[in-house]
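Here are the chains, one letter per residue:
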Amino acid sequence: MVLNPPEEKEWETPELKEVQLEGIVDWNAAWGYFKSPKAFFEGGGREKMRAAVEEQIKEALSREVSAQEGLLSDFYAQRMGDAQHRQAGTLQEQLKETVDALTASLEQGERPETWDTLAAELLHIEQRMTS
């Protein structure tokens, strides 16, 4: 007996709170790294500015991600629970159909040899189709 769980559709993306990242970097302080275009692009000013602002940006992004982590976790936990519930229902339906078919088969009084022959023929057909 083979039960096949149903394919899940793609889940929608949750609506997230608006992210406020304006003003996270003090650009006036970073302006000191831009003494001249030559010094900035050739003298390492760009790398110094990146190092100075990168940590501020990472910290701000980390705070925003942490603030919305619960929302994302709850959203996808709910979707997972819903999917499991749908799949459980489908699998129970498949199981009931299988049991009903087996019961009907037993009530018809077919001999086991008939089913063995049928199974062998189906296996042979399946092998021919896959090769």
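Residues numbered from 1 in each chain as written. Predicted model: local features only at pLDDT ≥ 70, side-chain atom pairs only at ≥ 80, totals over all residues. Heavy atoms only, no water.

Draft legend 1. Just the side chain of Q68, in detail. Mapping Q68 onto the fold places it in helix α3 (residues 45–108). A residue is classified by how much of its surface remains accessible, and Q68, at 5% relative accessible area, is buried. (Helix = DSSP H or I, 4+ residues; strand = E, 2+ residues; numbered from the N terminus. Buried < 20%, exposed > 50% of the residue type's maximum accessible area, 1.4 Å probe, protein only.)

Draft legend 2. Spatial organisation of a nonpolar patch on the surface. Together, W11, L16, L71, L72, Y76 and M80 line one region of the surface with nonpolar side chains, adding up to about 500 Å² of accessible area. Locating L71 in the fold gives a position in helix α3. Judged by relative accessible area, which is 36%, L71 ranks as partly exposed. (Patch = residues over 30% accessible without salt bridge, like charges linked within 9 Å, V, L, I, M, F, W, Y side chains within 5 Å. Areas by Shrake-Rupley, 256 points an atom, 1.4 Å probe, with all protein chains shown as cover. Salt bridge = Lys/Arg side-chain N within 4 Å of Asp/Glu carboxyl O.)

Draft legend 3. Quick look at the confidence of the model for the protein chain. On average, residues of the protein chain carry a pLDDT of 86, and 96% of them reach 70 or more. The secondary-structure element of the protein chain with the lowest mean pLDDT is helix α1 (residues 27–30), recorded at 81, while helix α4 (residues 112–130) shows the highest, at 90. (pLDDT = per-residue confidence, 0-100.)

Draft legend 4. Examining the pattern of salt bridges more closely. Applying the stated rule across the entire model yields 4 salt bridges. With its nearest N and O atoms 2.8 Å apart, the salt bridge here joins K96 to D100. Of this pair, K96 and D100 both sit in helix α3, 4 residues apart, which is roughly one turn of that helix. When its relative accessible area of 41% is taken as the criterion, D100 is described as partly exposed. Between E113 and R111 there is a salt bridge, with the nearest N and O atoms lying 3.3 Å from each other. Residue E113 is classed as partly exposed on the basis of its relative accessible area, which comes to 43%. Judged by its relative accessible area of 55%, R111 falls in the exposed class.

Draft legend 5. Looking closely at the environment of V65. With respect to the helices and strands, V65 occurs in helix α3. A C-alpha to C-alpha distance of 9.4 Å links V65 and V19, two positions 46 residues apart in sequence.

Draft legend 6. Main features of α3. The sharpest bend along α3 measures roughly 40 degrees and falls at Q68. All of the buried residues in α3 are G45, M49, V53, A60, Q68, F75, A83 and S105. Buried residues belonging to α3 abut α1, α2 (37–42) and α4. (Bend = angle between axes of the 7 residues up to and from the residue. Contact = heavy atoms within 4.5 Å.)

Draft legend 7. Looking closely at the environment of E15. Along the chain, the position of E15 falls in the segment before α1. Through-space distance from the C-alpha of E15 to that of L72 is 9.2 Å; in sequence the pair is 57 residues apart.

Draft legend 8. Main features of the packing of aromatic side chains. Applying the stated criterion to the full structure yields 3 aromatic pairs. An angle of 25 degrees between the planes, with centres 6.1 Å apart, marks the rings of W11 and Y76 as stacked. Of the two residues, W11 sits in the segment before α1 while Y76 sits in helix α3, which places them 65 residues apart along the sequence. Judged by relative accessible area, Y76 falls into the partly exposed class, the value being 30%. Seen from their ring centres, F40 and F41 are 4.9 Å apart, and the 90 degrees between their planes marks the pair as edge-to-face. Owing to a relative accessible area of 48%, F41 belongs among the partly exposed residues under this scheme. By the ring-pair criterion, three or more aromatic residues cluster together here, those being W11, F75 and Y76. Directly above the aromatic system of F75 lies the positively charged group of R79, at a separation of 3.9 Å from the ring centroid. (Phe/Tyr/Trp six-rings, centres within 6.5 Å; stacked < 30°, edge-to-face > 60°. Lys NZ or Arg CZ within 6 Å of the ring centre and 35° of its normal.)

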